[in-house]
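Here's the letter readout for the chains.
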Amino acid sequence: SAGTPRGDPRQRAAEALERARRRTLALTDCLDESELTAQHSKLMSPLAWDLAHVGNQEDIWLVRAAGGGQGVRPDLDSVYDAFQTPRADRPGLPMLSPDEARAYIAEVRRRAFESLDAAPWDAGVDPLSEEGFVFGMVAQHEQQHDETMLATHQLRRGPAVLDAPDPLAPMSRAWDEDHGEVHVPGGPFTMGTSTEPWALDNERPAHTVDVPPFDLDAVPVTNGAYQRFIEDGGYRDARWWHPEGWAYVRKADLSAPLFWRRDGAMWMRRRFGYTERVPPAEPVMHVSWYEADAYARWAGRRLPTEAEWEKAARWDPETGVSRRYPWGDEPPGEGHANLGQRHLRPAPAGAYPAGAAPCGARQLIGDVWEWTSSDFTGYPGFRAFPYREYSEVFFGSAHKVLRGGSFGTDEVACRGTFRNWDLPVRRQIFAGFRTARSSGGSL
Ligand code: AVJ
Ligand code: FE
């Protein structure tokens, strides 16, 4: 049925874990010890911390919780607990050296595979291991840190160390000029999931939400469109800004997305160690929620709610059923979406026609995370699982929801129901947005 992984669940888990590890090593083997232990930005951990942290979570959840073992290094839990030490203070921790971290995570992985072989996966036997949930959770966790490490690479100064081919441009017109919008009719749809086996607690349970009719940008807002907001004095006009956003741009003295710099009449940006002209047709990224919100108001529009985003991405008007992905239930293929760090940038707006949703919107999955207007809260019937610190402690009005994944998100950590969240001031993540308006006049 839809939402059930194909093939042997053990094999699916093993493949997801191995794919995550190949990526973790690719992101860390390319830098020397001093670069791995340096703090490239106060916003981020040293890469050597992420490296051992993914292994420590695997030690806790796969070696100990699922496998019933003693754990490889329980004494390291406090060093790699994200809640005990904020990112800015992590350089002061008694961390493993990069080589020690590599040996630690390899040993944890060896023991995790023993747990995987022994796990009783009959439905109902053990909620921690049913359908391999906890293995999927750990693979998603490592991939999320890999995306965070990719953001650290973007913040790092110095010569480029990563390389990847560019994504294909759309075949058709210049989408940066007039990208148009799509219509989503009003009415109820199923939001969230109760059947997707590796869905995290915050995606559950499935519930009905009645969404009034709205129009949505067919593609994410582009650099070209965003430049017009800048050139129209958008950053200097309080009318467009949320009051907190206005205070923030004044104080931080912001005038463009992070990593942009003006060179005469041209906008330039730094991207993974290279400086290049800002490509007008590409989705804008490295903007905070406040900037996205201000742009939308300037454009006479607003950010979509999280429910609107998910209805546009999943609701099939033919069947009334919510899909796993905009294009259907099949896992993301290379023609559907720009995911998995195959490329080191978003594709131009209008790419991936095969990944379009029933409403016609493109690039909802992949390319850039999309800010929504919604606060991160639990769905009706939410139950924290397997630990409160994954989601529940972040619920409230401090964090805004992002949807859809970026070019740096692996498919295991991305689907139509997947919810990401961050503070509205965050700019180092691979986040952009699209805008919406209610049908029939009012915003
Ligand atoms: C879901 C991306 C906000 O990185 O803080 C990693 C994921 N949780 N380790 C984050 C996560 C625990 C989380 N985000
Ligand atoms: Fe983590």
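Reading the values: the criteria
Residues numbered from 1 in each chain as written. Chains lettered and ligands numbered in written order. Predicted model: local features only at pLDDT ≥ 70, side-chain atom pairs only at ≥ 80, totals over all residues. Heavy atoms only, no water. UniProt positions renumbered as here; feature names shortened; annotations may be inferred. Salt bridge = Lys/Arg side-chain N within 4 Å of Asp/Glu carboxyl O. Buried < 20%, exposed > 50% of the residue type's maximum accessible area, 1.4 Å probe, protein only. Helix = DSSP H or I, 4+ residues; strand = E, 2+ residues; numbered from the N terminus. Donors = N, O, S within 2.8 Å, 3.2 Å for Na, K, Ca; no water. Tetrahedral: all angles 85-135°; square planar, octahedral: opposite > 155°, others 65-115°. Core = buried A, V, L, I, M, F, W, Y, C linked by side-chain atoms within 4.5 Å. Axes fitted to C-alpha atoms, helices over the stretch in contact; angles between N-to-C directions. Parallel < 35°, antiparallel > 145°, perpendicular 65-115°, else oblique. Contact = heavy atoms within 4.5 Å. Nonpolar A, V, L, I, M, F, W, Y, C, P; charged D, E, K, R; others polar. Pairing = 2+ DSSP bridges. Near = heavy atom within 4 Å. Polar contact = N/O pair within 3.5 Å; in protein donor to acceptor, adjacent residues only side chain to side chain. Areas by Shrake-Rupley, 256 points an atom, 1.4 Å probe, with all protein chains shown as cover. Left-handed = near helix turned anticlockwise from the far one by under 90°. Phe/Tyr/Trp six-rings, centres within 6.5 Å; stacked < 30°, edge-to-face > 60°. Lys NZ or Arg CZ within 6 Å of the ring centre and 35° of its normal.

- The name an unreviewed UniProt entry assigns to the protein chain is Hercynine oxygenase, from the organism Streptomyces daqingensis.
- For the protein chain, the Function (unreviewed entry) comment in UniProt is given as "Catalyzes the oxidative sulfurization of hercynine (N-alpha,N-alpha,N-alpha-trimethyl-L-histidine) into hercynyl-gamma-L-glutamyl-L-cysteine sulfoxide, a step in the biosynthesis pathway of ergothioneine."

Describing the pattern of salt bridges
Once their charged atoms are close, side chains differing in charge can pair, the charge on each being opposite to the other.
So, step 1. Applying the stated criterion across every chain yields a total of 39 salt bridges.
So, step 2. Residue R64 is joined to D59 by a salt bridge in which the shortest nitrogen-to-oxygen separation is 3.4 Å. For the pair R64 and D59, a shared accessibility class is recorded, and that class is buried.
So, step 3. In this structure, R262 and E231 form a salt bridge, with 3.9 Å as the shortest nitrogen-oxygen distance. With a gap of 31 residues between them, R262 in strand 5 (residues 260-263) and E231 in helix 6 (residues 223-231) connect regions that are remote in the sequence.
So, step 4. With relative accessibility at 40%, the residue R262 sits in the partly exposed group.
So, step 5. Connected via shared salt-bridge partners are D166, R269, R271, E276, E282 and R345.

Side note on helix 6
So, step 1. Taken across its nine residues, helix 6 has seven buried, putting it largely inside the fold.
So, step 2. Burial in helix 6 covers these residues: N223, G224, A225, Y226, Q227, F229 and I230.
So, step 3. Residue G233 follows helix 6 closely and has a positive phi angle near 80°.

A word on the coordination of the iron ion (ligand 2)
So, step 1. For the iron ion (ligand 2), every protein donor is listed as H53 (NE2), H141 (NE2) and H145 (NE2), and the spread of their distances is 2.1 Å.
So, step 2. For the iron ion (ligand 2), the four donor atoms in the first shell make angles of 89 to 173° at the metal, so the coordination geometry reads as irregular.
So, step 3. Ordering the donors of the iron ion (ligand 2) by residue number gives the pattern H-x87-H-x3-H. Taken together, the residues span about one helical turn, with H141 and H145 both in helix 5 (residues 133-155) at a distance of four residues.

Concerning the nonpolar core
So, step 1. Residues F135, Y226, F229, Y235, W241, W371 and F433 are the most contacted members of the largest nonpolar core, which totals 56 residues.
So, step 2. Of all hydrophobic cores here, the second largest spans 28 residues; its members include V182, M191, L216 and A312.

What about the packing of helix 1 (residues 9-29) against helix 4 (residues 98-118)?
So, step 1. Their axes nearest at 11 Å, the elements helix 1 and helix 4 cross at an angle of 175°. By the angle between their axes, helix 1 is roughly antiparallel relative to helix 4. Side by side, helix 1 and helix 4 meet where R10, A13, A14, L17, E18, R21, T28 and D29 of the first sit next to R102, I105, A106, R109, F113, L116, D117 and A118 of the second.
So, step 2. Split into classes, the residues belonging to the contact of helix 1 with helix 4 amount to eight nonpolar, one polar and seven charged.

Notes on the pairing of strand 5
So, step 1. Bridge analysis of strand 5 against strand 6 (residues 266-271) gives four bridges, and the strand direction is antiparallel. Residue pairing across strands places R262 opposite W267, the latter belonging to strand 6.

Section: the site of ligand 1
So, step 1. Taken together, H141, Q144, H145, Y390, N420 and W421 make up the full set of residues near ligand 1.
So, step 2. The contact in question runs from a nitrogen atom of ligand 1 to an N or O atom on the side chain of H141, over 3.1 Å.
So, step 3. In this structure, H145 approaches ligand 1 through a side-chain N or O atom, which is 3.1 Å from a nitrogen atom.
So, step 4. In the complex, the protein chains occlude 76% of the 350 Å² of accessible area that ligand 1 would expose alone.
So, step 5. Elements that contribute at least two residues to the shell around ligand 1 include exactly helix 5 and strand 10 (420-422).
So, step 6. Considering each element in turn, the shell around ligand 1 owes the most residues, three residues, to helix 5.

What to know about the packing of helix 1 against helix 5
So, step 1. At a closest axis distance of 9 Å, the pairing of helix 1 and helix 5 adopts a crossing angle of 20°. Between helix 1 and helix 5, the interaxial angle falls into the category roughly parallel. Of the two elements, helix 1 crosses helix 5, and the hand of that crossing is left-handed. In this structure, helix 1 contributes A13, A16, L17, R19, A20, R21, R23, T24, L27 and T28 to the contact, and helix 5 contributes F135, V138, A139, E142, Q143, D146, E147, M149, L150 and H153.
So, step 2. Split by residue class, the contact of helix 1 with helix 5 holds ten nonpolar, four polar and six charged.

Concerning the sheet that holds strand 1 (residues 181-184)
So, step 1. Spatial ordering of the open sheet is given by 1-4-12, a layout of three strands whose pairing is antiparallel. Every other strand in the sheet has two partners, leaving strand 1 and strand 12 (436-438) as the edge strands with one partner each. Strand-to-strand twist in this sheet, taken as the mean axis angle between neighbours without regard to direction, amounts to 20°.
So, step 2. Packing of helix 9 (residues 306-314) onto the sheet brings it into contact with strand 1, strand 4 (214-217) and strand 12, and relative to strand 4 it is tilted by some 75°.

Some details on the UniProt feature "binding site: Fe cation" (unreviewed entry) in the protein chain
So, step 1. Summarizing the sequence annotation, UniProt attributes the feature "binding site: Fe cation" (unreviewed entry) to H53, H141 and H145 in the numbering used throughout. Taking the farthest pair of C-alpha atoms as the criterion, the annotated set spanning 93 residues converges on one region, since that pair is 10.0 Å apart.
So, step 2. Taking the relative accessible area as the measure of exposure, H53 reaches 3% and is therefore buried.
So, step 3. Discounting residues that sit within four places of it in the chain, H53 has contacts with Y80, H141 and H145.

Let's talk about the environment of F272
So, step 1. The topology assignment puts F272 in the loop between strand 6 and strand 7 (274-277).
So, step 2. C-alpha of F272 to C-alpha of Q341: the two residues are 69 residues apart in sequence and 12 Å apart in space.
So, step 3. When residues no more than four places from it in sequence are discounted, the contact partners of F272 are L150, H153, Q154, A160, L162, L344, F407 and F430.

Concerning the packing of aromatic side chains
So, step 1. With the rule as written, the count across this model stands at 30 aromatic pairs.
So, step 2. Taking 4.3 Å as the distance between ring centres and 10° as the angle between the ring planes, the aromatic pair formed by F376 and W421 counts as stacked. You can see F376 sitting in the loop between strand 8 (369-375) and strand 9 (400-403) and its partner W421 sitting in strand 10, a full 45 residues away along the chain.
So, step 3. By the ring-pair criterion, three or more aromatic residues cluster together here, those being W61, F83, F376, F382, Y387, Y390, F394, F395 and W421.
So, step 4. In this structure, R250 packs its charged tip against the face of W246, placed 4.8 Å from the ring centre.
So, step 5. Here the basic side chain of K400 rests over the ring of W289, its NZ or CZ set 4.5 Å away from the ring centre.

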